[in-house]
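Summary of structural features
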Amino acid sequence: MTAHMSYGYSSVVFHSLDLRLNGVPQHTAIRLWCSTAQQRMMGVGVLGKYFGYSLHRPAFTKSVTVQLDNMDDHRPFFTYWVTFVQILVFIVAILVYGVAPIGVGKEKEQKMVRLSSLALEVKEYVEQKNLWIGPRKADLIHLGAKYSPCMRDDPNLRDLLNLDRKMENQSACCVRNDGSGCVQRLETKCDILSTWKKWRAGNDTGPGGRVSGSVCGQDPLYCITPASAAPFEWPDSIVDWPVCTKTRKQNVSYKGFQDRHMSCELLGRPCCYGIKGECWITTREHCNLLRGRFHDDKFLCAQTSCFEELCGMIPFSNSKKPDQIYRLWTSLFLHAGVMHLVVSILFQMWIMRDIEKLTGAMRLSIIYISSGMAGNLASSIFLPYHVDAGPSGSQFGVLACLLVEVLQSYQMYRSPRVAIFKTMTVFFTLLAFGLLPWFDNWSHLFGFGFGFLLAFALIPYVSFGKFDRRRKILTIVICLSSAAVFYIVLLLLFYVSPLTECKLCIYFNCIPFTEGLCEDMYVSLNNRSSYDSDF
């Protein structure tokens, strides 16, 4: 096409490109114009057009022109595919889970509900608002958002759940004296109108001399399936009891009044709620207010897997050890809200599609997914209790491709330092937006760094002489090796030496310009058992 093009097109070239190609040979200028109008060329992309990068005449030697002519013209299939999947996933998420309260801060909902004490009380439920107009945090976690406690064994959360088990093991059945029902409670939570039926050493032991219990509605003496019989006797620890699915009728003449915990009506069952795997013995009505999951087939919180239910997706291989490492990948296709999705679509249709025309679908998919996973891994290390969704790390990895393109084509520009400065300005501007809630700057920074290394290894380049070619080949080897080491170090930090206490790390991710601004996606852990909480 270039060989048969009239040189009269040169004036059109200079006008349409606005790249100040003074002195560049006309056949090269025509090639640049054709490339810009129809396909993506190294060094001349949408950002180059927008910022008006100036090209340097002596750089366009015959060898360089031949390399530019031989570059493939790719179609942005991966960009279209990943954008379509992200839109589809978001639509499904909204249809299934709905939309959280919109805005910044928290919203309170008050409702009169019947509690396990049989009293009607006005209870309050506080939930976080979503600035982006999208699902709630718990729903994002269930869909596959990045959340470290679902991906590895977290010592802080494990201690909190163990505290819950310890407190529940000290509980017993609190039976109302008027025979209206019973509920599992600690002694301090059993009111004066009820009797706390606790098994104790001495004359008040339970079946087999047990001192752990009693449990409302469940007793090894009355359970048929599974039966407590040698060698499968139930342990003297109610939190280790199995769920009794079949119970024989109480023999009143056997113990009579002493077994009221088996004949009373249960007023409360386990309710899983929140995003820390919390559980509370309460009514279905109260559980619905908490937006929890009510277990009407269980007797104790220890018989539920609240945290595993919260994480959802593929069950843990070991219920006590979370292992959903694939969240590093699945979170790339999720978005916190419709505004978040719009930002991703605009970036991918403007910047990412342009880059894919140069790199091709295979290379870009490697950079996009690998950068996103590296960014999520870093974010999981520095902000382990931060709920995050979206491909921001991937997009910053793509952004790094723009910088690498300028560095690899350094000799082509009249003012290469200006081109580098303008490209980095875009990076720092977007990084500044990361100081607002629902942006993840740790993912941005490490996604950019990992994308930078991969881009050097994968993006096509133009060599300006033998020395430049050898230098770039050596750079590819160094960058690939560095990327591998980079990933290994992150994995070791995540699994071997987890960072669970870093109060200052949040400030790189969000600056609290107003009170409560940075609480939107952060989970705080306390040392109090949810079993001993008051609602």
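Source: prediction; values computed, not measured.

Two side chains that carry opposite charge are able to pair once their charged atoms sit near each other. One pass over the structure, following the stated rule, counts 10 salt bridges. Among the ionic pairs, E127 bridges to R136, the shortest N-O distance being 2.7 Å. Judged by its relative accessible area of 16%, R136 falls in the buried class. In this structure, the salt-bridge partner of R291 is E127, at a minimum N-O distance of 3.7 Å. Taken together, the residues R291 in the loop between α10 (284-289) and β10 (293-294) and E127 in strand β2 (residues 120-128) connect sequence positions 164 residues apart. By relative accessible area, E127 is classed as buried at 9%. Beyond isolated ion pairs, a larger network of salt bridges with shared partners links E109, E127, R136 and R291.

Let us look at the state of the cysteines. Here the structure, examined in full by the defined rule, presents 8 disulfides. Covalently, C271 is tied to C287 through a disulfide, its sulfur atoms 2.1 Å apart. Negative torsions about the S-S bond denote left-handed disulfides, and the value of about 80 degrees found for C271 with C287 makes this one right-handed. Of this pair, C271 sits in strand β8 (residues 269-273) while C287 sits in helix α10, and the two are 16 residues apart along the sequence. Side by side, C271 and C287 carry an identical accessibility label, which is buried. Between the sulfur of C279 and that of C301 lies a disulfide, 2.1 Å long from S to S. Classification of the bridge connecting C279 and C301 rests on its S-S torsion, roughly -80 degrees, and on that basis the disulfide is left-handed. Highlighted residues: C279 in strand β9 (residues 278-282) and C301 in the loop between β10 and α11 (306-311), separated in sequence by 22 residues. Residue classification places C301 among the buried residues on the basis of a relative accessible area of 12%.

The strand order across the open sheet built from 3 strands is β4-β3-β5, with neighbouring strands paired in antiparallel fashion. Unpaired on one side and paired on the other, β4 (182-185) and β5 (194-197) mark the two borders of the sheet. Ignoring strand direction, the axes of neighbouring strands in this sheet form an average angle of 30 degrees. For strand β3 (residues 172-176) and β5, the ladder comprises 4 bridges, and the chain directions are antiparallel. Its bridge partner being in β5, C174 is matched across the sheet by W196.

The subject of this paragraph is the packing of helix α15 (residues 392-408) against helix α16 (residues 416-433). Running from amino to carboxyl end, α15 crosses α16 at an angle of 170 degrees, the nearest separation of the two axes being 9 Å. With respect to each other, α15 and α16 are oriented roughly antiparallel. For the pair formed by α15 and α16, the contact residues are F396, L399, L402, L403, V406 and L407 on the first element and P416, A419, I420, T423, M424, V426, F427, L430 and L431 on the second. In terms of residue class, the contact of α15 with α16 is built from 14 nonpolar, 1 polar and no charged.

Taken together, 3 strands build an open sheet; the order of strands is β9-β8-β10 and the sheet is antiparallel. Both edges of this open sheet fall to β9 and β10, since each of them pairs with a single strand only. Inspection of the sheet shows β8 paired to β10 by 2 bridges, in the antiparallel sense. Across the sheet, the residue bridging to C271 is F294, located in β10.

A contiguous nonpolar surface patch, about 550 Å² in accessible area, is contributed by V99, I102, I133, V338, M339, V342 and L346. Note on placement: I133 falls in the loop between β2 and α6 (137-143).

The biggest cluster of nonpolar side chains holds 60 residues, and the ones touching the most others in it are M352, V398, F427, F446, F448, F450 and L490. Counting residues per element, the ones that place at least two in this core are α5 (77-97), α13 (338-359), α14 (361-382), α15, α16, α17 (441-458), α18 (466-495) and α19 (505-509). If you tally residues by element for this core, the top one is α15, at 9 residues. Once residues within four sequence positions are removed from consideration, V398 is found in contact with F347, I351, M352, I355, L364 and Y368. Counting 15 residues, the second-largest nonpolar core is a separate cluster that includes C150, F307, L310 and V387.

Here is what the cut-offs are and how they apply
- Chains are numbered independently. Their residues run from 1 in the order of the written sequence.
- This being a predicted model, a pLDDT of at least 70 is required before a residue's local features are given, and a value of 80 or more before pairs of side-chain atoms are given or counted; all residues contribute to the totals for chains, interfaces and linings.
- With hydrogens and water stripped out, all remaining heavy atoms of the structure feed into the side-chain values.
- We define a salt bridge as a side-chain nitrogen of Lys or Arg found within 4 Å of a carboxyl oxygen belonging to Asp or Glu.
- Throughout this description, buried means an accessible area under 20% of the type-specific maximum (1.4 Å probe, protein chains only), exposed means over 50%, and partly exposed covers the range between.
- By the criteria applied, helices consist of DSSP H or I runs no shorter than four residues and strands consist of E runs no shorter than two, each listed in order from the N terminus.
- Cysteine sulfur atoms that pair up within 2.5 Å are treated as a disulfide.
- At least two bridges found by DSSP between two strands are what make those strands a pair.
- In this description, a line fitted to the C-alpha atoms serves as the axis of each element, helices being fitted only across the stretch in contact, and the angle between N-to-C directions of two axes falls anywhere from 0 to 180 degrees.
- To sort the angles, those under 35 degrees are grouped as roughly parallel, those over 145 as roughly antiparallel, those from 65 to 115 as roughly perpendicular, and the leftovers as oblique.
- In this description, contact between two residues means that some pair of their heavy atoms is separated by no more than 4.5 Å.
- Under the grouping applied here, Gly and all other residues not named as nonpolar or charged are polar, the nonpolar ones being Ala, Val, Leu, Ile, Met, Phe, Trp, Tyr, Cys and Pro and the charged ones Asp, Glu, Lys and Arg.
- Within this analysis, patches are made of residues with over 30% relative accessible area and no salt bridge. Like charges are joined at 9 Å or less; nonpolar side chains (Val, Leu, Ile, Met, Phe, Trp, Tyr) at 5 Å or less.
- The Shrake-Rupley method, run with a 1.4 Å probe, gives the accessible areas here. Residue values count only the displayed protein chains as cover.
- Take the buried Ala, Val, Leu, Ile, Met, Phe, Trp, Tyr and Cys residues and link them wherever side-chain atoms come within 4.5 Å; each set so joined is a nonpolar core.

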